[in-house]
Amino acid sequence: MVNAREPIVEVRDLTNRFGEQAVHEHLDLTVYRGEILGVVGGSGTGKSVLLRSIVGLRRPSEGAVRVFGQDLLALPPEQRSQLERRFGVLFQDGALFSSMTVAENIALPLIEHAGLTREDATRLATVKLALVGLSMDTAGKYPASLSGGMTKRAALARALALDPEVLFLDEPTAGLDPISAAAFDQLLLTLRNALGFTVFLVTHDLDTLYTTCDRVAVLSQKRVLVADTLEKVAATDDPWIRDYFHGPRGRAARSSLSI
């Protein structure tokens, strides 16, 4: 569902170092409007580091990141805050505030960034909960009482609180059982198709890749080795890609898609 190949995120010549160790060197990547881009790679390839660099949580050592045509890190604080409202982030563990109810977690960005009253924010939070398939009973619960699947959906509802144009999801199905993971994948597809947002999706889940992604970017050798459709990526002559896409789990993911 790519809309005229309009770039939403442009990463150019990106380098990320931790001391003497470089995780990324001269990395280039483009994310287009309306697509779900899956980002995969072996352990230590910096998938989450790349996500954090794009959303402004980490300043790259070198290079540039442009979101909606603007250099996020170069903007004055007020303009940067305005731009950041246009995307939502779901971290790997959900990152819900344990001392707040689910509804309070979702209402928080509406109060802080949209200036809504607590009453209006709470009312809108229940709408977001319904959007991700959670019952109203969930609103008053605390994160500790939620199942893994419910936690991910609640975190997604919070990421959607400000009606973002682009979602950044870090391993959204990690730790979920296969049924919950498949349900989350279908929810993501349904919401993308209905609301038209763009998705930057870090994952290792082959089922998620085959079910949801329009394109896949493979991180290897400190850069993006290839970014293309799943079929073209899987056909790339590279040892890691062969092991990942053509091993037993890769074959199982392809077979389940064709059933």
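Structure's up top.
Presented here is an overview of the structure given in this document. (Residues numbered from 1 in each chain as written. Predicted model: local features only at pLDDT ≥ 70, side-chain atom pairs only at ≥ 80, totals over all residues. Heavy atoms only, no water.)

### Focus: the overall build of the protein
Spelled out, the test is: We count a stretch as a helix when DSSP gives it H or I for four or more residues in a row; a strand needs E for two or more, and each element gets its number in order from the N terminus. Within these notes, the globule rule equals 2.2 Å times the number of residues to the 0.38 power, and the radius of gyration is based on C-alpha atoms. Three exposure classes are used, based on accessible area relative to the maximum for each residue type with a 1.4 Å probe and protein chains only: buried under 20%, partly exposed in between, and exposed over 50%. Should any heavy atoms of two residues lie within 4.5 Å, those residues are counted as being in contact. Here the accessible surface of atoms and residues is derived via Shrake-Rupley with a 1.4 Å probe, and residues count as covered only by protein chains that are part of the display. Only four residue types enter the charge count: Lys and Arg as positive, Asp and Glu as negative, with His and the chain ends excluded. A charged residue contributes its charge at one atom only: NZ of Lys, CZ of Arg, CG of Asp or CD of Glu.
Per the secondary structure count, the protein includes ten helices and ten strands. Relative to the globule expectation of 18 Å for 259 residues, the C-alpha radius of gyration of the protein, 18 Å, shows essentially globular dimensions. Oriented by its inertia axes, the alpha-carbon framework of the protein measures out at about 55 × 50 × 40 Å. Counting all 259 residues of the protein, 49% fall into the buried class. The long-range share in the protein, meaning contacts at least 24 apart out of those at least 6 apart in sequence, stands at 65%. If you sum the accessible surface of the protein, you get close to 12000 Å²; carbon and sulfur atoms cover 51% of it. Counting 28 positive and 31 negative side-chain charges, the protein places the centres of these two groups 1 Å from one another.

### Focus: the pairing of strand β1 (residues 7-18)
This is how the line gets drawn: For two strands to count as paired, DSSP must find a minimum of two bridges between them.
Two strands pair when backbone bridges link them, and β1 and strand β2 (residues 21-32) are joined in this way by eight bridges, in the antiparallel orientation. In the strand pairing of β2, valine 9 is matched with valine 31. Here β1 hands over to β2 after two residues, with glycine 19 in that stretch at a positive phi of 65°. Relative to strand β4 (residues 62-67), β1 runs antiparallel, the two sharing five bridges. Residue valine 11 lies in a different strand from β4, and its bridge partner there is valine 65.

### Describing the environment of leucine 176
Secondary-structure assignment places leucine 176 in the loop between β7 (166-170) and α6 (178-195). For leucine 176, a relative accessible area of 17% corresponds to the buried category. Taking C-alpha positions, leucine 176 is 33 Å from glutamate 25, a pair spaced 151 residues apart along the chain.

### A look at the nonpolar core
Looking at soluble globular proteins, one finds that nonpolar side chains tend to be buried together. Condition: Here, the term nonpolar core denotes a set of buried Ala, Val, Leu, Ile, Met, Phe, Trp, Tyr and Cys residues that are joined through side-chain atoms within 4.5 Å.
Counting 46 residues, the largest nonpolar core has Leu156, Leu209, Val216 and Phe245 as its most contacted members. The next biggest cluster of nonpolar side chains, apart from the first, holds 27 residues, and it includes Leu14, Leu37, Leu83 and Val166.

### Side note on the side chain of lysine 152
By the element assignment, lysine 152 lies in helix α5 (residues 148-159). Among the residues examined, lysine 152 registers a relative accessible area of 5% and is labelled buried. Apart from residues no more than four positions distant in its own chain, lysine 152 is found in contact with Leu90, Gln92, Glu171, Pro172, Ala174, Leu176 and Phe184.

### Structural notes on the pattern of salt bridges
Quick reminder of the rule: Salt bridges are counted wherever a side-chain nitrogen of Lys or Arg sits within 4 Å of a carboxyl oxygen of Asp or Glu.
Counted under the stated rule, the structure contains eleven salt bridges. Put simply, glutamate 84 and arginine 80 hold a salt bridge, and the shortest N to O gap is 2.9 Å. Taken as a pair, glutamate 84 and arginine 80 lie in helix α2 (residues 77-84) at a separation of four residues, close to a single helical turn. The exposure class assigned to glutamate 84 is partly exposed, which follows from its relative accessible area of 29%.

### Some words on the packing of aromatic side chains
Selection criterion: The rule is short: rings of Phe, Tyr and Trp, with Trp giving its six-membered ring, pair when the centres are within 6.5 Å, and they are stacked under 30 degrees, edge-to-face over 60, tilted in between.
Scanning the model with the defined rule gives four aromatic pairs in all. With a centroid separation of 4.6 Å and an interplanar angle of 15°, the aromatic rings of tryptophan 240 and tyrosine 244 are classed as stacked. Remark: tyrosine 244 and tryptophan 240 occur in helix α9 (residues 239-246); sequence separation between them is four residues, near one turn of the helix. Take tyrosine 244: its relative accessible area is 14%, and that puts it in the buried class. Summarising the aromatic geometry, the rings of tyrosine 244 and phenylalanine 245 are spaced 4.9 Å apart at their centres and angled 90° between planes, so their arrangement reads as edge-to-face. Here tyrosine 244 and phenylalanine 245 have matching classes, each one buried.

### Here we look at the sheet that holds strand β5 (residues 70-71)
Put simply, the rule reads: Working convention: axes come from line fits to C-alpha atoms, limited for helices to the stretch in contact. Angles between N-to-C directions cover 0 to 180 degrees.
Here we have four strands laid out as an open sheet, ordered β2-β1-β4-β5, and antiparallel in their pairing. Unpaired on one side and paired on the other, β2 and β5 mark the two borders of the sheet. In this sheet, β5 lies alongside β4 in antiparallel orientation, the contact comprising two bridges. Bridging across to β5, valine 67 finds its partner in glutamine 70. The strands that helix α1 (residues 47-54) touches are β1, β2 and β4; relative to β1, the one it contacts most, it runs at about 120°.

### As for the packing of helix α3 (residues 102-112) against α5
This is how the line gets drawn: With respect to orientation, any angle under 35 degrees is reported as roughly parallel, any angle over 145 as roughly antiparallel, any angle of 65 to 115 as roughly perpendicular, and every other angle as oblique. It is the rotation of the near helix from the far one that decides the hand of a crossing: anticlockwise by less than a right angle makes it left-handed, clockwise makes it right-handed. Gly is put with the polar residues, along with every residue not named as nonpolar or charged; the nonpolar set is Ala, Val, Leu, Ile, Met, Phe, Trp, Tyr, Cys and Pro, and the charged set is Asp, Glu, Lys and Arg.
For the pair α3 and α5, interaxial distance at closest approach is 8 Å and the crossing angle is 25°. In this view, α3 runs roughly parallel relative to α5, as classed from their interaxial angle. Classified by chirality, the crossing of α5 by α3 is right-handed. Seen from α3, the contacting residues are Val102, Asn105, Ile106 and Pro109; seen from α5, they are Ala154, Ala157 and Arg158. Classifying every residue of the contact of α3 with α5 gives five nonpolar, one polar and one charged.

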